[in-house]
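Close look at the chain arrangement
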Amino acid sequence: MFGLIDGNNFYVSCERAFDPTLIGKPVIVLSNNDGCAIARSAEAKKLGIKMGEVWHLSKRKLEFRSVIAKSSNYALYGDMSRRVFEVLSEHFQRVEPYSIDEMFLDLTQFAKVDYCRRVRDRVRQITKIPTCIGIGPTKTLAKLANKHAKTATGVTDFSDLDARREAFATMPIDEIWGVGGASQTKLNNLGIFTVEQFAALPSASVRKLMTVTGQRTHAELNGVSCMPLTLAPDQKQTVSVTRMFGRPVETWEDMREALSAHASRAAEKCRKHGLVAQAMQVFIHTHPHDGSEWYHGQRSFEIEPTADSFAIIGQAVTAGRSMWQDGRKFAKAGVVLLDLQAQADAPRDLLPTVDPIKSEKLMTALDAVNGRFGRGTLRPGGIRSVTPWSTRANNRSPRYTTRFSDLMEVQA
């Protein structure tokens, strides 16, 4: 038996956990560079703010004048997700994180609804994050039950066949996990509009229409589990760090610094997962819609297997320099590490350009200091702590749980 728990309007709930004055008010969280709405409180949804709303245009509307817009604070959201996971791990033997705000639970050994209500209350008490839980004999049913729980009592059990049938009669097919827009159009053309109608189709017909993936979803809707709980995540195939600049980059000095910062962060991600990269892609481009001639430069190339920040920075900067053109206003740059392999399995060069022993010691020390005192405490030379090209975040809340300088102060 599976459960799926997710945080209600998770990013907004994380903001409210540390700022109770936001409770009951229309709040949205914006994407990088304070561009579009990526999370909305119930109050903001009621006002008509849509997902992906372009905020610099929409904020001028009178009906949105009461909306509070917050810049995205992924360090805070990631740490709050970790805290939710820790609470769940105290109550369930197996917990599978699916996304930053969703986690699958193994309910095989637990009384279902009552126990889930108690766990949900516990998560709210410890983390201040409101959640909903869906229960079902398959992951797809648990996810559908979770959607139903948002409009019900917070916990819905779709292991009950009668409850499932009643809900399926009115649930649209776009609620089904794994049914995208193209599949939805095909089904609509056949007169299939509800989950009940889709579940009643013959399995062979579904396979012809939606291939084996759709057939698996169809089987899960009918109670046949095709996706077991996975506790070990698949090995990453790529690591990317790409950013739109807060303002156009017009000098090579700023671009060099940006590529160095992106490369350093990408290398850090590799080390976190015990991986090394054997190839790299670097790109820079101007804004496609600012009226000027669009320019996009990209280089892909093999590198000596490594997760050393300094080695990766050197390669990224060299590639960037070969693409740089004076007189252009660059809007975005990125570093993508490819062909990742576990460090223990990576091939060794007979004459490496970087001493592997010294590199490992240096990177271990770098990560240890930054892990203890906050990312950026130690950083490669030439990367400033505050840069003029950084992503805009004019309304970002403090990193309450991951930075000492942002810890809340309590006066008694």
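Please read these numbers as outputs of a predicted model, since none were measured by experiment.

1. Considering the nonpolar core
Counting 37 residues, the largest nonpolar core has Phe245, Met255, Leu259, Met280, Phe330 and Leu337 as the members making the most contacts within it. At the level of secondary structure, the elements contributing two or more residues to this core comprise strand E9 (239-249), helix H11 (252-272), strand E10 (275-286), helix H12 (309-323) and strand E12 (330-338). Broken down by element, the residue count for this core peaks at nine residues, all from H11. Every residue in contact with Met280, bar those within four places of it in the chain, is listed here: Arg299, Ser300, Phe301, Ile303, Ile312, Gln315, Ala316, Val335, Val336, Leu337 and Leu338.

2. Section: a nonpolar patch on the surface
Together, Phe373, Phe404 and Leu407 line one region of the surface with nonpolar side chains, adding up to about 340 Å² of accessible area. Residue placement: Phe404 occurs in the segment after helix H13 (356-373). Take Phe404: its relative accessible area is 58%, and that puts it in the exposed class.

3. Thoughts on the pairing of strand E5 (residues 95-99)
Relative to strand E6 (residues 102-106), E5 is paired through four bridges, and the arrangement is antiparallel. When the sheet's bridge partners are listed, Val95 is paired in E6 with Leu105. Linking E5 back to E6 in an antiparallel pair, the connection comprises two residues.

4. Here we look at the sheet that holds strand E4 (residues 68-71)
Strand order in the open sheet formed by three strands is E3-E2-E4, and the pairing between neighbours is mixed. In this open sheet, the two edge strands, each paired with only one partner strand, are strand E3 (37-40) and E4. For this sheet, the mean inter-axis angle between neighbouring strands, taken without regard to orientation, is 30°. One ladder, built from three bridges, connects strand E2 (residues 27-30) with E3; its direction is antiparallel. Looking at E3, one finds that Leu30 is bridged to Ala37. The sheet strands contacting helix H1 (residues 10-18) are E2, E3 and E4, and the helix crosses E2 at an angle near 110°.

5. Digging into the pattern of salt bridges
Enumeration over the complete set of coordinates arrives at 16 salt bridges. With its nearest N and O atoms 2.9 Å apart, the salt bridge here joins Arg83 to Asp79. With Arg83 and Asp79 both in helix H4 (residues 74-89) and four residues apart, this pair spans about one turn of that helix. Owing to a relative accessible area of 33%, Arg83 belongs among the partly exposed residues under this scheme. Each of the salt bridges in this network shares a partner with another, and the network as a whole consists of Asp79, Arg82, Arg83 and Glu86.

6. Side note on H4
Taking 1.5 Å as the rise per residue, H4 with 16 residues should run 22 Å; its terminal C-alpha atoms sit 22 Å apart, in good agreement. All of the buried residues along H4 are Leu76, Tyr77, Asp79, Met80, Ser81, Val84, Val87 and Leu88.

7. Some words on the state of the cysteines
The final tally for this structure, using the stated rule, is zero disulfides. Cys14 forms no disulfide, and the closest cysteine sulfur to it belongs to Cys132, at a distance of 15 Å. Judged by relative accessible area, Cys14 falls into the buried class, the value being 0%.

8. Considerations on the packing of H4 against helix H5 (residues 113-127)
Where H4 contacts H5, the two axes come as close as 10 Å, and the packing angle between them is 140°. Compared by their axis directions, H4 and H5 come out oblique. The crossing of H4 and H5 is right-handed. Between H4 and H5, the residues in contact are Met80, Arg83, Val84, Val87 and Leu88 and Val119, Arg122, Val123, Ile126 and Thr127, respectively. Taken together, the residues of the contact of H4 with H5 sort by class into seven nonpolar, one polar and two charged.

9. What about the sheet that holds strand E8 (residues 155-157)?
The strand order across the open sheet built from five strands is E5-E6-E1-E7-E8, with neighbouring strands paired in mixed fashion. Looking along the sheet, the strands with just one partner apiece sit at the ends: E5 and E8. Within the sheet, the average angular offset between the axes of one strand and its neighbour, ignoring direction, is 20°. As paired elements, strand E1 (residues 2-7) and E6 share five bridges and run antiparallel to each other. Bridge pairing links Gly3 to Leu105 in E6.

10. Thoughts on H12
Between its first and last C-alpha atoms H12 spans 21 Å; for 15 residues at 1.5 Å apiece the expected length is 21 Å, and the two agree. Taken together, the buried positions of H12 are Ser309, Ile312, Ile313, Ala316, Val317, Ala319, Gly320 and Met323. For H12, the angular spread of buried residues about the axis comes to 165°, placing them on one side. Contacts made by the buried residues of H12 are with H11, E10, strand E11 (296-306), E12 and H13. Capping of H12 at its N-terminal end is provided by Asp308; its side-chain oxygen lies 2.8 Å from the backbone amide nitrogen of Phe310.

Reading guide: rules and limits
- Residues numbered from 1 in each chain as written.
- Predicted model: local features only at pLDDT ≥ 70, side-chain atom pairs only at ≥ 80, totals over all residues.
- Heavy atoms only, no water.
- Core = buried A, V, L, I, M, F, W, Y, C linked by side-chain atoms within 4.5 Å.
- Buried < 20%, exposed > 50% of the residue type's maximum accessible area, 1.4 Å probe, protein only.
- Helix = DSSP H or I, 4+ residues; strand = E, 2+ residues; numbered from the N terminus.
- Contact = heavy atoms within 4.5 Å.
- Patch = residues over 30% accessible without salt bridge, like charges linked within 9 Å, V, L, I, M, F, W, Y side chains within 5 Å.
- Areas by Shrake-Rupley, 256 points an atom, 1.4 Å probe, with all protein chains shown as cover.
- Salt bridge = Lys/Arg side-chain N within 4 Å of Asp/Glu carboxyl O.
- Pairing = 2+ DSSP bridges.
- Axes fitted to C-alpha atoms, helices over the stretch in contact; angles between N-to-C directions.
- Expected span 1.5 Å × (residues − 1).
- Disulfide = S-S within 2.5 Å.
- Parallel < 35°, antiparallel > 145°, perpendicular 65-115°, else oblique.
- Left-handed = near helix turned anticlockwise from the far one by under 90°.
- Nonpolar A, V, L, I, M, F, W, Y, C, P; charged D, E, K, R; others polar.
- Arc of directions from axis to C-beta.
- Polar contact = N/O pair within 3.5 Å; in protein donor to acceptor, adjacent residues only side chain to side chain.

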